[in-house]
Amino acid sequence: MICNKELNLTEISWKLHYSSVAHLSTQFKKVTGITPSRFKHLECNGLLPSPMCEL
């Protein structure tokens, strides 16, 4: 969802039934090792390996 850039992080958290953006961000960082904001920045600049977008 972050790779598609159609929704912002707040909308993504609502769509995935998270209680808050903070909860989504914490879970995302546990799985990927980076924050959603950092992921979006790196992905937008083509700096992430393609398998990261499949998480």
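Residues numbered from 1 in each chain as written. Predicted model: local features only at pLDDT ≥ 70, side-chain atom pairs only at ≥ 80, totals over all residues. Heavy atoms only, no water.

Digging into the overall build of the protein
Within the protein, the secondary structure is distributed over 3 helices and 0 strands. N-terminal to C-terminal, the α/β element order of the protein is α-α-α. For the protein, the proportion of its 55 residues judged to be buried stands at 24%. Of the contacts formed within the protein by residues at least 6 apart in sequence, a portion of 24% connects residues at least 24 apart. Here the protein has roughly 4,100 Å² of accessible surface; of this, 55% comes from carbon and sulfur atoms. (Helix = DSSP H or I, 4+ residues; strand = E, 2+ residues; numbered from the N terminus. Buried < 20%, exposed > 50% of the residue type's maximum accessible area, 1.4 Å probe, protein only. Contact = heavy atoms within 4.5 Å. Areas by Shrake-Rupley, 256 points an atom, 1.4 Å probe, with all protein chains shown as cover.)

Description of the side chain of Ser13
Among the secondary structure elements, Ser13 is positioned in helix H1 (residues 9-15). Given the relative accessible area of 2%, Ser13 is considered buried. The residues contacting Ser13, other than those within four sequence positions of it, are Tyr18, Ser20, Val21 and Leu24.

Quick word on the packing of aromatic side chains
Per the counting criterion, the structure on display carries 1 aromatic pair. Measuring from centroid to centroid gives 5.4 Å for Phe28 and Phe39, while their planes differ by 70°, and the two rings are edge-to-face. Of this pair, Phe28 sits in helix H2 (residues 21-32) while Phe39 is found in helix H3 (residues 36-44), placing the two residues 11 residues apart along the sequence. (Phe/Tyr/Trp six-rings, centres within 6.5 Å; stacked < 30°, edge-to-face > 60°.)

Remarks on the confidence of the model for the protein
Per-residue confidence for the protein gives a mean pLDDT of 84; residues scoring 70 or more make up 84%. No element of the protein has a lower mean pLDDT than H3, which averages 83, and none a higher one than H2, which averages 94. (pLDDT = per-residue confidence, 0-100.)

Here we look at the environment of Glu11
Tracing the chain through its elements places Glu11 in helix H1. Sequence-wise, Glu11 and Met1 are 10 residues apart; in three dimensions their C-alpha atoms are separated by 10.0 Å.

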